[in-house]
Amino acid sequence: MPKQRITKEMVVEAAFEIARNDGMEHVLVKNIAEKIGCSVQPIYSYCRNMDGLKADVTGRALEFVREFAAAHIDPSDLFASTGRAYVQLAKEEPNIFKLFILHRREGVSSLDELYQKETDPQTSGFIADGLKISREEVKKLHLHMLIYTIGIGTIFCMTTPGISTEEIFEQQEKAYQIFLKETLENKRNGNQQG
């Protein structure tokens, strides 16, 4: 029987599956080799630097997050369903959520820079149109919800036996309504002053 040719893609995918199921701390050469069913030698040929492999795994996790979110978003309720999608990710894929939240974000020294890196500019246009508010007001609302969703998602995936999804969604909805009310009041006050 001919030997299986081990590719970098196989190594990254095996490492991703280990991170997904057991956490990034279990992404070790011996575990990858065991998952693929080979010796450690081919793994070392692709992993001279574990930091590089972990960066590849993180990239694969971010791709997974985008696909997961896209599959769980309701186009008729884009804003709220996006937040719920991230909370659902925290429940169903806690290790992926941790990778998504805890990966290093280079070049971020302000909340504005975080917002620019983490959001799709088209989304703010859809939200602005749907809520009849400016893109600047959307940005404030969206940033509040981004921070809140990251926080509540982290709590959700780090508690045992776990908080119910319904309770988390209810809390997320309350926060959204508070942030939206503040945004609309600011808009109304701005229009009255102008």
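Each value, and the rule that gives it
- Residues numbered from 1 in each chain as written.
- Predicted model: local features only at pLDDT ≥ 70, side-chain atom pairs only at ≥ 80, totals over all residues.
- Heavy atoms only, no water.
- Core = buried A, V, L, I, M, F, W, Y, C linked by side-chain atoms within 4.5 Å.
- Buried < 20%, exposed > 50% of the residue type's maximum accessible area, 1.4 Å probe, protein only.
- Helix = DSSP H or I, 4+ residues; strand = E, 2+ residues; numbered from the N terminus.
- Contact = heavy atoms within 4.5 Å.
- Phe/Tyr/Trp six-rings, centres within 6.5 Å; stacked < 30°, edge-to-face > 60°.

**Q** Mind showing me how you'd approach the nonpolar core here?
**A** For soluble globular proteins, nonpolar side chains are generally found buried alongside one another. Ranked by internal contacts, the top residues of the largest apolar core, which has 34 residues, are Val11, Val27, Ile32, Ile43, Leu53 and Val57. Those elements that place two or more of their residues in this core are helix 1 (8-22), helix 2 (29-36), helix 4 (50-72), helix 5 (78-92), helix 6 (94-102) and helix 9 (135-157). Here the element with the most residues in this core is helix 1; it accounts for seven residues. The contact partners of Ile43, leaving out residues within four places of it in the chain, are Val11, Val29, Ile32, Ala33, Ile36 and Cys38. Ile127, Ile133, Leu141 and Tyr176 belong to the second-largest nonpolar core, a separate cluster that totals 11 residues.

**Q** Explanation requested: helix 2 in the structure shown.
**A** Residues spaced three or four apart along an α-helix point in a common direction, a consequence of the helix completing one turn every 3.6 residues. Inspection of helix 2 places Val29, Asn31, Ile32, Ala33 and Ile36 among the buried residues, and these make up the whole buried set. Its buried side turned inward, helix 2 meets helix 1, helix 3 (40-46) and helix 4. Where helix 2 ends, the next residue or the one after it, Gly37, has phi of about 90°, a positive value.

**Q** How should I be thinking about the packing of aromatic side chains in this particular structure?
**A** Two numbers describe a pair of aromatic rings. These are the distance of the centres and the angle of the planes. Per the counting criterion, the structure on display carries five aromatic pairs. An angle of 5° between the planes, with centres 5.5 Å apart, marks the rings of Tyr86 and Phe100 as stacked. Of this pair, Tyr86 sits in helix 5 while Phe100 is found in helix 6, placing the two residues 14 residues apart along the sequence. Taking the relative accessible area as the measure of exposure, Tyr86 reaches 22% and is therefore partly exposed.

Read these as geometric descriptors, not functional statements.
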